Amino acid sequence: MEKVFKFGNHEHLVGIISAPDNMTVACERPAVVFLNAGLVHRVGPYRIHVDLGRILASEGYLTMRFDLSGIGDSQFTPETREYKETVKRDIQDAMDFLQQRYKAEKFVLIGNCSGASNAHMVATVEERISGLVLMDGFFYKTAGFYYTAMKPYLANPVKFIAGMVKFLIGYFKRLVPRPKQEVKIVSMFSNVPPPKQKLADDFANLARRGVAMLCIYSGSLTAYYNYPNQFIDMFKNVDFRGMLQLQYFENADHTYTAHSERRKLIECIRQWLNDQCD
Amino acid sequence: MTPLFFGSRQQQLFGMYHPANSRNSMSHGVLLCPPVGQEHLRTYMAFRQLAIQLSSLGFDVLKFDYYGVGDSAGESEQGSIDVWIGDVKRAYQELKDMSGLQSVSIVGLRLGAALAAKAVSTGLKVKNLVLWDPVVKGHEYIRELRELTANVLNGCSDSELTHIEVLVGFPFATQNVASISNLDVSEIDLAAARNTFLILSENRHDYQELFTQLESSGRKVAKKTMNSIGIPDDPELKTRHEHETQSMIAQWSSKDEFDQALIAHVTISEISTILKKAA
């Protein structure tokens, strides 16, 4: 049976706990916390946080899905803070709550897209985090990316010429001066990636700390990620010390709309978690 | 604001109770009946905004998830029309118990509007029934969901489970799909609702059919189509208003919007105004 709580410094956050019947087992495992994917509330895209959370609870994991400030049913914090600082504080509040009420000491954060970015951000400053599941988190183009993108054109002369024409049109369009924007609008949910070297340093430090990482990429974002080992090539100078598992679901879209792909994703995460606990 | 689980242990339903602003209590409760499936996710924020606005106007509000939907118990494919109609009744009673009020209105959106109408037809007494972009003909709704599914998945099949049909990413029992297909809100008797309001994003033949049916059966019914609300006379303002209004009207069957959150503050204001006048 699940329970719902309000928590946080101002009781402004809403979260739902799926707890196993036998909490003795749960105490020996990290608690799993699901983070919002964009503006989707705590149930996750296609209710995946509910399904996976309940499966994990039935296998002995304490899990929580909750809404960050202003998303879903959580209220905005009355404190004035920069948005990223609010996100960090919210996630720490969730961990504090699980620690105080359920004696959880270690945590695995699971996040898709902005959720992945938020999970990484908190993990760099939180020693309590022992694992990360990052879905479609970070993208940097590599030589392999460009080669994969060009392959269909190199094999087909007509397509190659059409592609070159399109590229040249786009290139010259960008040379035409445009009026400057009066006001620069930055969405509070914009996912601007950090500099690649900073991220590489973060991953190296996380690996050194013993944080297990499952990085998952879907096959739909081909404008940014288009082959299975692109992540390895993105961070080829990082020593992951065996802490990284990489998974590529080529037929899945960003939110795993296809039920069949979602079931594979759930099984992948479930298996990875169990492997960490063995 | 109180999050809660209610109902039986095996079929607990999730709800969010927004008590009335104590300074101007209307002594009136409003139950919000959401859509299901992908539309449930798209409209969650809009329903929250509606709850907050109604609460600030003095209404006690309960929004909830049906069995197999959102945070409520049950797997997605375990939900069914009959169970969901029962959930509407359970939530209605929960609202009365929490608020201590006897006077209740219901706002239903999409399939939630159809479920609310079905619940009212079994005798659930409500002062005002607001049907927001209702699913009127179940078979049309299922057809649109199937088309959208095919568009979103680029024609790839997503049916590897028996007795399950996946519609825009959500599994439905095939029996439930058949039940939904048989729904026809225009044939439902809404005598238990004192007033009925249709809040519509666009002009559709089934909306007009529903309105005509309700009028001809002597029900007190009003209709508002949101794409014509408050359009100014000035031509330049009119064009800009229409563009802004169009961007805020839900495109339920659009592939480009199927994963976009509904932004509907104009519609929410309209519904709040209607309920305040009619309470």
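Data block above holds the structure.
Model, not experiment: these values are computed from the prediction. (Residues numbered from 1 in each chain as written. Chains lettered and ligands numbered in written order. Predicted model: local features only at pLDDT ≥ 70, side-chain atom pairs only at ≥ 80, totals over all residues. Heavy atoms only, no water.)

Student: Could you give me a rundown of the overall build of chain B, with the residues and numbers involved?
Tutor: Secondary structure assignment for chain B yields eight helices and 10 strands. The burial tally for chain B puts 58% of its 279 residues in the buried class. Pairs at least 24 apart in sequence give 71% of the contacts found in chain B among residues at least 6 apart. Of the roughly 11,600 Å² of accessible surface on chain B, a fraction of 46% belongs to carbon and sulfur atoms. (Helix = DSSP H or I, 4+ residues; strand = E, 2+ residues; numbered from the N terminus. Buried < 20%, exposed > 50% of the residue type's maximum accessible area, 1.4 Å probe, protein only. Contact = heavy atoms within 4.5 Å. Areas by Shrake-Rupley, 256 points an atom, 1.4 Å probe, with all protein chains shown as cover.)

Student: Describe the interface of chain A and chain B, naming the residues involved and giving the relevant values.
Tutor: With 31 residues of chain A at the interface, the matching set in chain B holds 35 residues. In this assembly, chain A packs against chain B so that about 2,600 Å² is buried in total across both faces, 56% of it on carbon and sulfur atoms. Per-residue buried area on chain A facing chain B is highest for Tyr-46, Arg-47 and Asp-73 of chain A; these three make up 24% of the total on that side. Along the contact surface separating chain A from chain B lie three salt bridges. Residue Arg-65 of chain A pairs with Asp-71 of chain B through a salt bridge whose shortest N-O separation is 2.7 Å. Elements supplying a minimum of two residues to the side of chain A that touches chain B: β1 (2-7), β2 (13-18), α2 (48-58) and α9 (259-277) of chain A. (Buried area = accessible area lost by both parts, 1.4 Å probe. Salt bridge = Lys/Arg side-chain N within 4 Å of Asp/Glu carboxyl O.)

Student: Got a sec to walk through the pattern of salt bridges? Specific residues and values, please.
Tutor: Residue and element names in this part refer to chain A. One pass over the full model with this rule turns up 29 salt bridges over all chains. For Asp-96, the salt bridge is made with Arg-89, and the minimal N-O distance between the two is 3.1 Å. The shortest N-O distance in the salt bridge between Arg-209 and Glu-127 comes to 4.0 Å. Residue Arg-209 is found in helix α7 (residues 196-209), and its partner Glu-127 is found in the loop between α4 (114-123) and β6 (129-135); the two are separated by 82 residues along the sequence. Owing to a relative accessible area of 57%, Glu-127 belongs among the exposed residues under this scheme.

Student: Give me the lowdown on the packing of aromatic side chains, citing residues and values where you can.
Tutor: In total, this model carries 24 aromatic pairs over all chains according to the counting rule given. Taking 5.5 Å as the distance between ring centres and 50° as the angle between the ring planes, the aromatic pair formed by Tyr-46 of chain A and Phe-170 of chain B counts as tilted. Pair noted here: Tyr-46 of chain A is in the loop between β3 (31-34) and α2 and Phe-170 of chain B is in strand β8 (residues 170-173), and the two residues belong to different chains. When the ring of Tyr-171 of chain A is compared with that of Phe-172 of chain A, the centres are 5.4 Å apart and the planes differ by 75°; the resulting orientation is edge-to-face. Taking the relative accessible area as the measure of exposure, Phe-172 of chain A reaches 51% and is therefore exposed. A connected cluster of aromatic rings, assembled from ring pairs, spans Phe-138, Phe-139, Tyr-140, Phe-203, Tyr-217, Tyr-224, Tyr-225, Phe-231, Phe-235, Phe-240 and Tyr-248 of chain A. The ring of Tyr-61 of chain A has Arg-29 of chain A sitting right over it, with the charged end atom 4.6 Å from the ring centre. For the cation-ring pair, Arg-204 of chain B lies above Tyr-207 of chain B, with the distance from its terminal atom to the ring centre recorded as 5.4 Å. (Phe/Tyr/Trp six-rings, centres within 6.5 Å; stacked < 30°, edge-to-face > 60°. Lys NZ or Arg CZ within 6 Å of the ring centre and 35° of its normal.)

Student: So, the pairing of strand β6 (residues 126-132) of chain B: which residues are in play, and what are the values?
Tutor: Residue and element names in this part refer to chain B. A large share of β6 lies buried, amounting to seven of its seven residues. For the segment spanning strand β5 (residues 104-109), helix α3 (residues 111-121) and β6, crossover handedness is right-handed. With six bridges connecting them, β6 and strand β9 (residues 193-200) associate as parallel partners. Bridging across to β9, Leu-131 finds its partner in Leu-198. (Right-handed = clockwise from strand over helix to strand, strands pointing away. Pairing = 2+ DSSP bridges.)

Student: Please provide a residue-by-residue account of the sheet that holds strand β4 (residues 60-64) of chain B, values included.
Tutor: In sheet architecture, strand pairing relies on hydrogen bonds along the backbone and comes in two forms, parallel and antiparallel. Residue and element names in this part refer to chain B. Reading across from one edge, β1-β2-β4-β3-β5-β6-β9-β10 is the order of the eight strands in this open sheet, with mixed pairing throughout. With partners counted over all chains shown, the strands left at the sheet margins are β1 (2-6) and β10 (221-225), one partner each. Neighbour to neighbour, the strand axes of the sheet diverge by 20° on average, direction disregarded. Relative to β6, β5 runs parallel, the two being bridged by four bridges. Residue pairing for β6: Val-107 is matched across the bridge by Val-130. Where helix α8 (residues 265-278) meets the sheet, it contacts β3 (29-33), β5, β6, β9 and β10, and its direction lies at approximately 165° from that of β6. (Axes fitted to C-alpha atoms, helices over the stretch in contact; angles between N-to-C directions.)

Student: Explain the pairing of β5 of chain B to me, and be specific about the residues and the numbers.
Tutor: Residue and element names in this part refer to chain B. Taking burial as the measure, the six residues of β5 include six buried ones, the bulk of the element. Residues Val-104, Ile-106 and Gly-108 line one face of β5 and the alternating positions Ser-105, Val-107 and Leu-109 line the opposite face, and both faces are buried. Two strands pair when backbone bridges link them, and β3 and β5 are joined in this way by five bridges, in the parallel orientation. For Cys-33, the partnering residue across the bridge sits in β5 and is Gly-108.

Student: Give a description of the nonpolar core that names residues and reports values.
Tutor: Counting residues in each nonpolar core, the largest one holds 65 residues, and the members touching the most others are Leu-31, Tyr-66, Trp-84, Val-88, Ile-106, Leu-111 and Leu-129 of chain B. At eight residues, the largest contribution of residues to this core is made by α3 of chain B. Counting residues in hydrophobic clusters, the runner-up holds 51 residues, among them Met-64, Met-95, Ala-116 and Leu-134 of chain A. (Core = buried A, V, L, I, M, F, W, Y, C linked by side-chain atoms within 4.5 Å.)

Student: A description of helix α2 (residues 81-99) of chain B should follow, citing residues and the corresponding values.
Tutor: Residue and element names in this part refer to chain B. Taking 1.5 Å as the rise per residue, α2 with 19 residues should run 27 Å; its terminal C-alpha atoms sit 27 Å apart, in good agreement. Where α2 is concerned, the buried positions are Ile-81, Trp-84, Ile-85, Gly-86, Asp-87, Val-88, Ala-91, Tyr-92, Glu-94, Leu-95 and Lys-96. Looking at the residues trailing α2, positive phi occurs at Gly-100, about 75°. (Expected span 1.5 Å × (residues − 1).)

Student: Can you tell me about the packing of helix α3 (residues 83-102) of chain A against α4 of chain A, naming the residues and giving the values?
Tutor: Relative orientation and spacing of two packed helices are given, respectively, by the angle between their axes and the distance between those axes. Residue and element names in this part refer to chain A. Where α3 meets α4, the axes come as close as 10 Å, and the angle between the chain directions of the two elements is 75°. Taken together, α3 and α4 sit at an angle that is classed as roughly perpendicular. When α3 is examined against α4, the residues Lys-84, Val-87, Lys-88, Ile-91 and Met-95 are found in contact with a partner set consisting of Ser-117, Asn-118, Met-121 and Val-122. Of the residues contributing to the contact of α3 with α4, the split by class is five nonpolar, two polar and two charged. (Parallel < 35°, antiparallel > 145°, perpendicular 65-115°, else oblique. Nonpolar A, V, L, I, M, F, W, Y, C, P; charged D, E, K, R; others polar.)

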